[in-house]
Amino acid sequence: MVGAGLSISGLLMQTLFRNPLAGPFVLGVSSGASLGVALLIMGASGIGGAFGLLLLSKWSLVIAAGLGSLLVMLAVLAVTVRVKDTMAILIIGLMFGSVTAAVVGVLAYFSPAEQLQQYIFWSFGSLGNNSWEGMVVLAVCFFLGLLLSIVTIKPLNALLLGENYAKSQGLNIGKSRLFILIATCILAGAITAFAGPIAFIGLAVPHITRQFFTTANHKILIPAVLLCGAILMLICDSIAQVPFTDYTLPINAITSLVGAPVVIWLLVRKRKLLF
Amino acid sequence: MSNPENYTLQTQDLSIGYFHKTGNHVVAKDLNFSLSKGALVGLVGSNGIGKSTLLRTLCKVQDPLSGKVIINGNTLDSYSFESLAETLSVVLTEIPASKNMTVGELVALGRQPYTNWLGTLTESDKTHIIQALEATEMLPFKDRKCYELSDGQLQRALIARALAQDTPIIILDEPTTHLDIYHRASILKLLKTLSKNKTILFSTHEIDLAIQLCDQMIVMTPEKTFFGDPCELIDEGCFSGLFPKNLIDFDGETGSFRIVK
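Since the model is a prediction, treat every value here as computed from it, not as a measurement.

What chain A contains, in helices and strands, is 13 helices and zero strands. Of the regular secondary structure in chain A, the N- to C-terminal order runs α-α-α-α-α-α-α-α-α-α-α-α-α. Within chain A, residue pairs in contact and separated by at least 24 positions form 80% of the contacts whose partners lie at least 6 positions apart.

The next point concerns the domain arrangement of chain B. All names here are of chain B. Domains assigned within chain B are domain 1 (1-82 + 171-261) and domain 2 (88-166). For domain 1 versus domain 2, the distance between C-alpha centres works out to 25 Å. Tallying the contact residues gives 15 residues for domain 1 and 13 residues for domain 2. The set of elements that each furnish at least two residues to the side of domain 1 that touches domain 2 consists of strand E7 (169-173) and helix H6 (181-194). If one sorts the elements of the side of domain 1 that touches domain 2 by residue count, H6 sits on top with four residues. Each residue belonging to the side of domain 1 that touches domain 2 can be placed in one class, and the counts come to nine nonpolar, three polar and three charged.

Let us look at the environment of B:Tyr18. All names here are of chain B. Here Tyr18 lies in strand E1 (residues 7-18). A count of 12 C-beta atoms within 10 Å places Tyr18 in the exposed class. C-alpha of Tyr18 to C-alpha of Ala85: the two residues are 67 residues apart in sequence and 24 Å apart in space.

Residues and elements named next belong to chain A. In the contact formed by helix H11 (residues 201-212) and helix H12 (residues 218-240), the axes pass within 9 Å of each other and the chain directions differ by 120°. Comparing their axes, H12 and H11 come out oblique. Note on packing geometry: the crossing formed by H11 with H12 is right-handed. For the pair H11 and H12, contact is made by Ile201, Val205, Pro206, Ile208 and Thr209 and by Leu221, Ala224, Val225, Cys228, Gly229, Leu232 and Met233, respectively. A per-class count over the contact of H11 with H12 returns 10 nonpolar, two polar and no charged.

Further remarks concern helix H10 (residues 173-195) of chain A. All names here are of chain A. Helix length check: H10 (23 residues) gives 32 Å between terminal C-alpha atoms against 33 Å at 1.5 Å per residue, within 8%. In terms of burial, H10 is largely enclosed, as 17 of its 23 residues are buried. Two residues or fewer after H10 comes Gly196, characterised by a positive phi angle close to 85°.

Here we take up the interface of chain A and chain B. The interface is formed by 22 residues belonging to chain A together with 24 residues belonging to chain B. For the side of chain A that touches chain B, the elements supplying multiple residues, two or more each, are helix H8 (153-159) and helix H9 (163-168) of chain A.

Moving on: the pairing of E1(B). Residue and element names in this part refer to chain B. Note that E1 and strand E2 (residues 25-36) share eight bridges and pair antiparallel. Residue pairing in the sheet places Gly17 in a bridge with Val26 of E2. As consecutive antiparallel partners, E1 and E2 are separated by six residues, and within that stretch Gly23 has a phi angle of approximately 70°, a positive value.

Moving on, we come to the sheet that holds strand E6 (residues 88-91) of chain B. Residue and element names in this part refer to chain B. Pairing is mixed across the open sheet formed by six strands, whose spatial order is E6-E7-E8-E3-E9-E10. Whereas interior strands pair on both sides, the edge strands pair on one side only; in this sheet they are E6 and strand E10 (225-228). Put simply, the sheet's adjacent strands are angled 15° from each other on average, direction ignored. Direction of pairing for strand E3 (residues 40-45) relative to strand E8 (residues 199-203): parallel, over a ladder of four bridges. The partner of Leu43 across the bridge, within E8, is Ser203. Along the sheet, helix H5 (residues 151-164) contacts E6 and E7; its crossing angle with E6, the most-contacted strand, is approximately 170°.

Looking now at the confidence of the model for chain B. Residues and elements named next belong to chain B. When pLDDT is averaged across chain B, the result is 88; 98% of the residues are at 70 or more. Across chain B, the secondary-structure element scoring lowest on mean pLDDT is strand E12 (residues 256-259), at 83, and the one scoring highest is E8, at 94. Prediction confidence for the complex, expressed as pTM and ipTM, is 0.80 and 0.81 respectively.

With that settled, the discussion passes to the confidence of the model for chain A. Residues and elements named next belong to chain A. Across chain A, pLDDT averages 75, with 78% of residues at or above 70. Here helix H3 (residues 49-55) stands out as the least confident element of chain A, with mean pLDDT 47; H8 is the most confident, with 88. Low pLDDT (under 50) marks residues 48-55, which in the prediction has six contacts with non-local residues, meaning those over four places away or in another chain.

Moving on, we get to the nonpolar core. Counting 141 residues, the largest nonpolar core has B:Val41, B:Val107, B:Ile171 and B:Val219 as the members making the most contacts within it. Take this core: its biggest share by element is 12 residues, from H10(A). Two domains share this core, each providing at least three of its residues, namely domain 1 (1-82 + 171-261) and domain 2 (88-166) of chain B. Ignoring any residue separated from it by four or fewer positions in sequence, one finds B:Val107 in contact with B:Ile129, B:Ala132, B:Leu133, B:Ala157, B:Ala160, B:Arg161 and B:Ala164.

What follows concerns the sheet that holds strand E4 (residues 66-71) of chain B. Residue and element names in this part refer to chain B. Strand order in this open sheet of four strands is E2-E1-E4-E5, and the pairing throughout is antiparallel. What marks the edges here is a single partner per strand, and that holds for E2 and strand E5 (74-75). Against the sheet, helix H1 (residues 51-58) makes contact with E1, E2 and E4, and its axis sits at roughly 120° relative to E1, the strand it touches most.

How each quantity is defined
Residues numbered from 1 in each chain as written. Chains lettered and ligands numbered in written order. Predicted model: local features only at pLDDT ≥ 70, side-chain atom pairs only at ≥ 80, totals over all residues. Helix = DSSP H or I, 4+ residues; strand = E, 2+ residues; numbered from the N terminus. Contact = placed C-beta atoms within 7 Å. Domains from an automatic or database assignment. Nonpolar A, V, L, I, M, F, W, Y, C, P; charged D, E, K, R; others polar. Buried ≥ 20, exposed ≤ 12 C-beta atoms within 10 Å, placed from the backbone. Axes fitted to C-alpha atoms, helices over the stretch in contact; angles between N-to-C directions. Parallel < 35°, antiparallel > 145°, perpendicular 65-115°, else oblique. Left-handed = near helix turned anticlockwise from the far one by under 90°. Expected span 1.5 Å × (residues − 1). Pairing = 2+ DSSP bridges. pLDDT = per-residue confidence, 0-100. Core = buried A, V, L, I, M, F, W, Y, C linked by C-beta atoms within 7 Å.

Set out below in C-alpha cells:
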C-alpha cells in the first residue's frame, strides 16, 4: 500500500508537471511531514519532563507528520489558485521543501542528542510497528487518493498533450490540476506520516513501469504502477528485514540503494527519460 | 453569399491585443472577415504582426479587446470550453508534452470531448480515429511512438488528432514550419483536401504556396488587415504592403516575392 500510493503520486506529478523528475518530494509534501515531526520531537524537549514523554507516543508522531504535510499541501494549493504556471508551482514546491529543511536544521542544532536520534530514526522510514488503528486511517486515505486518481485518468491523458491542447479539448485545466494535486497530497502526506519520508519509490516506479508497458495511457499505467510500486516496496522491505537475522535496516536506505541504480541504468540505456 | 448561414467563422470590428492596467496594447484592430464553409483560409503577415494573437483570440485562449467573434451564428462568449471543443479544434506550434505515446493514442485523445469520464472509446470513436489516420495517411504509423516520427509525420499526426475531434472548424498555427518544400506542399495539399466540408484557417509564411491553394486569405499589414480571395488581393496590391519595400517586393505577375537588388 505504501509503495503503491507513493508510486501513483509520483506518476501523477510527472504528468502534471510534464517533468520526468517530478515526484511527491518535489511538492514539499514529504518535507512538510518532516517539519511536523521535527517540531514535535525536538520541541518536546523545550516543554520538558513527563509531559514531553507523553507527547512522544506513536500517535502524536503520525498526527504531527499529517499536520505538517497538510500545512504544506494547503500552502501549495493556495499558491496554485493564484499562480497559473505549472513550472512556477514546481519551483515553489521546491522552495517550500528548502524552507522546511532549514527549519528542521535550526531545530536540530538546538536539540539534545537524544531527541535528534529519535528524529533521525523516524526519517529512516519504517514499514513495521504501525498499529492496526493506524492502518485503518492509512487505508482510508489510500483509497480516497486512489479514487481521486481514477477520476483524473482522462484529464491526465489530455495533459500529455500539453496544457494548451488539453484546453482546446474542453478540459477545465484549473479544476483538473486541483484534483490531481489533492490526490497526490493525500497519498503522499498520509504515507509519509505513517512510514516516514521514503525516497525514490515515487520517482523510480513510474519509469520502471513504462519499460514494461509501452503506453502513455493512464488507464493502463495507474493499475500497473500500483502493482509495481507494491511489489518493489515489498522487495525493499524484505531486504531491509535482513533475512535470518534480527537486524532491521532503515527502509529509506534500501529504497535509495535499489532505486538509484535502476534510474541510472534506465538513463544510460535509453539516454532519455520519457514520461 | 450574403446568407449568414454560409459562414462558420466571422468577426465584427474585432480588435485584438493585451489588457494592461495602463492602457491596452492593441495589436490589430478593425478585423472584419467571414470564413465560409468548406474554405481553406490562409493567414499571412510578417513576424510579430499578430497572427498568433488573432488565432488565440479566435480559439478563446485570450479575450478580444473589443468587437465580436461569431461561430456558427453564436458569439464566442456563449460557448463553454466543452462546447467549443466540439466546434473548433486546433493544431498548435508546440509539440505534445509527452512524446512517449503512440500515434494511435495521440489521435484517440482527439475524441476526448465525446468520451465518458473514463475516456472509454466506443465503436464510433474508433471509426473516427481510423478515418482520421487514413485521411492523413498515418494509418501505417498507428503503433509508432511519437519520438520516432519525423517532423512532417508528427505534424500529420497532430492534424489527424484535430480531425478525430470531428469539428466543423480547424485552426492551425504555422503547420508548415521546420518542413522542407515537399512536405510543406504535401501538408497544404492535405489541408486543401480536408477543407471540402470544413473551414480550415491556418497561419503561414508560405505566401506563394498559400496564394495558389487558398480559397480566401487574411493579409495582415501594419496599416490594415485585408480579407478576400487571393487573386483579388493581388489586384488590390495588398501583398506589397506586407514587408518594407526597400528589401522585398511583390511581383503580381508571378504571385511571388523578390529581393530588391
